[in-house]
Amino acid sequence: MYRGTPLDEGLGTLDSQLSTDRVRAVILGGGRGERLFPLVDTRAKAAIPIAGKYRLIDVTLSNCINSGLQNIFILTQFNSDSLHRHITTVYRFDHFQRGSVQVLAAQQTTDNKAWFQGTADAIRKTLPRILDDNPEHVLIVPGDHLYRMDYRELLSFHVKNNFDITVSAVPVFRERCPQLGILRINEASEIVEFAEKPQDASSYDALETPMEILLKHGVEPSDKRHLGSMGLYVFRTKVLENLIRNTDFADFGSQVLPAARSQYRMGAHLFHGYWENIGNIRAFFDANIELTSPSPAFSFFDQKNPMFSRPRFLPGSKVNGAKVQHSILSDGVIIDDAEIQNSVIGVRSVIRSGCQIRRTIMMGAGWYERPEEAQDVPLGIGEGTIIKNAIIDSHVRIGPNVRITNKNGAKNEDGPNYFIREGIVIIPRHQVIPPDTEI
């Protein structure tokens, strides 16, 4: 019988032989993600395409699977149709394993007629399902971050140190304090101070973890003296129940963790790899463009720990005389005589002759347009079009000789068929940009 992977397998010897099948992984995939508008106008934040062929949720689900965690719940709420479709299509375990990926959507019941009011409230309202098989620990992870982690290391650390709650944290620069939960630890990795997104700069010194402690925990000397919460937690099941079942806490960072610090042993596990919270348009854009560099900080090219996604059975990409530099071409792309630099080209993208595409994320299309279906402006990018510093969402039709370069240098602007956020031009899904348009 399948019993999961022992937490100490390959991670040193521990007294506990707790298996991963005694852990429930809960992925938070229901956030509204307003700062990612218009990419979230019709899709959940966790369903946003990344790196040409994946969805953000694939990163977290792949981390779970590669860590031997196969009892996974995904909590959803806003614009969840495409996310549900993706999960049910991709993540199916065979009949000889006990694993499953289950979607728990927000729903009104006779006992509760309200939707999820926050991360902790979402856990509270789905707790009976999560605890159905009496797990010993609950791993709570966000579904919209970019990183690669073996959660067994975090779980082993949690068990070995006998913590009631463990928070995964990364060293960050002082400037990021207002964006994250900031915690200070002692030599025993216990959290002795925690503040959720502190806005008062005068408090930052008190939240700084001494360098000698950071060095002891393997942090290289740098100006990163603060520890930022990754929004990734491990709870002993009984502790989680006590903290949220009979309270009205809506959020983990601002309510549950501060309340827990005086009642329970709470520790921090320091993560030393690449991590990015895809929380706004600039973070999403920069993370994708960084992937096109020769040696990116994060790479999807890892045979030992692959990233899983939907198998589309598409043909290989076809390049007809194009010049492509430092770019990612996904499956089924067709490129004529064009120039592409530092760009991510999504599945089934069509880029026609004379185009210049630079620092652009193109999300592609869900189908190929047959000749009898052709419209005045066909799917893809028309001849002679120039696009720089832009995000072209899926199923977009851009006519010939279009210029998308943010000609006026706007930081934020709303147009009839485009948006500009943080200087990046965004063409939303299904939009049609007529020939000779200049944006």
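Rules behind the numbers
- Residues numbered from 1 in each chain as written.
- Predicted model: local features only at pLDDT ≥ 70, side-chain atom pairs only at ≥ 80, totals over all residues.
- Heavy atoms only, no water.
- Helix = DSSP H or I, 4+ residues; strand = E, 2+ residues; numbered from the N terminus.
- Rg over C-alpha atoms; globule rule 2.2 N^0.38 Å.
- Buried < 20%, exposed > 50% of the residue type's maximum accessible area, 1.4 Å probe, protein only.
- Contact = heavy atoms within 4.5 Å.
- Areas by Shrake-Rupley, 256 points an atom, 1.4 Å probe, with all protein chains shown as cover.
- Pairing = 2+ DSSP bridges.
- Salt bridge = Lys/Arg side-chain N within 4 Å of Asp/Glu carboxyl O.
- Expected span 1.5 Å × (residues − 1).
- Core = buried A, V, L, I, M, F, W, Y, C linked by side-chain atoms within 4.5 Å.

(A) Seen up close, the overall build of the chain. Looking only at helices and strands, one finds eight helices and 29 strands in the chain. Taken over the C-alpha trace, the chain has a radius of gyration of 23 Å; the compact-globule value for 439 residues is 22 Å, and the two agree within 12%. In terms of its C-alpha atoms, the chain occupies a principal-axis envelope of roughly 65 × 55 × 45 Å. By the burial criterion, 54% of the 439 residues in the chain qualify as buried. A separation threshold of at least 6 residues defines the contact pool for the chain, and within that pool the share at least 24 residues apart is 64%. Surface accessibility of the chain: about 19700 Å² in total, with carbon and sulfur atoms responsible for 45%.

(B) The pairing of strand E6 (residues 137–142), seen in detail. In terms of residue burial, E6 counts as a mostly covered element, since six of its six residues are buried. Across the two faces of E6 the burial is the same, with His 137, Leu 139 and Val 141 and Val 138, Ile 140 and Pro 142 all buried. Pairing geometry for strand E1 (residues 23–28) and E6, over six bridges, is parallel. From the neighbouring strand, Val 23 faces E6, where its bridge partner is His 137.

(C) Structural context of the pattern of salt bridges. Applying the stated criterion across every chain yields a total of 23 salt bridges. In this structure, Glu 208 engages Arg 225 in a salt bridge whose closest nitrogen and oxygen atoms are separated by 4.0 Å. Linking Glu 208 in the loop between strand E10 (191–196) and helix H5 (211–216) with Arg 225 in the loop between H5 and strand E11 (226–236), this pair joins segments that are 17 residues apart in sequence. With its nearest N and O atoms 3.6 Å apart, the salt bridge here joins Glu 241 to Lys 238. Of this pair, Glu 241 and Lys 238 both sit in helix H6 (residues 237–244), three residues apart, which is roughly one turn of the helix. Its relative accessible area of 58% is what places Lys 238 among the exposed residues. Salt bridges sharing common partners tie together Asp 121, Arg 124 and Lys 125.

(D) Representation of the side chain of Asn 63 within the structure. Positionally, Asn 63 belongs in helix H1 (residues 56–66). Exposure remark for Asn 63: the relative accessible area of 2% places this residue in the buried category. Aside from chain neighbours lying at most four places away, what touches Asn 63 is Tyr 147, Arg 148, Met 149, Tyr 151 and Met 307.

(E) Structural detail: helix H3 (residues 119–130). Across its 12 residues, H3 extends only 14 Å between first and last C-alpha, which sits more than 12% below the 16 Å expected from 1.5 Å per residue. Ala 120, Asp 121, Ala 122, Ile 123, Arg 124, Thr 126, Leu 127 and Ile 130 are the residues of H3 that are buried. Buried residues belonging to H3 abut E1, strand E4 (71–76), strand E5 (100–105), E6, H6 and helix H7 (252–261).

(F) Spotlight on unusual backbone geometry. Pro 38 follows Phe 37 through a cis peptide bond whose omega is 5°. Following the sequence through the fold, Pro 38 ends up in the loop between E1 and strand E2 (49–50). Unlike most non-glycine residues, Asn 162 shows phi in positive territory, near 55°. Phi at Arg 348 is positive, roughly 60°, even though this residue is not glycine.

(G) Summary view of the nonpolar core. One finds Ile 123, Ile 140, Leu 183, Phe 235, Leu 240, Leu 243 and Phe 252 to be the most contacted residues of the largest nonpolar core, which totals 42 residues. Contacts of Phe 252, omitting those with residues within four sequence positions, involve Thr 119, Ala 120, Ile 123, Ile 140, Tyr 233, Phe 235, Leu 240, Leu 257 and Pro 258. Among the nonpolar cores identified, the runner-up in size contains 37 residues, and Val 23, Val 90, Met 149 and Phe 271 belong to it.

(H) A look at the pairing of strand E9 (residues 181–185). Of all five residues in E9, four are buried, a share of seventy percent or more. In this sheet, E10 lies alongside E9 in antiparallel orientation, the contact comprising five bridges. Note that in E10 the partner of Gly 181 across the bridge is Glu 196. Linking E9 back to E10 in an antiparallel pair, the connection comprises five residues, with Ser 189 at a positive phi of about 70°.

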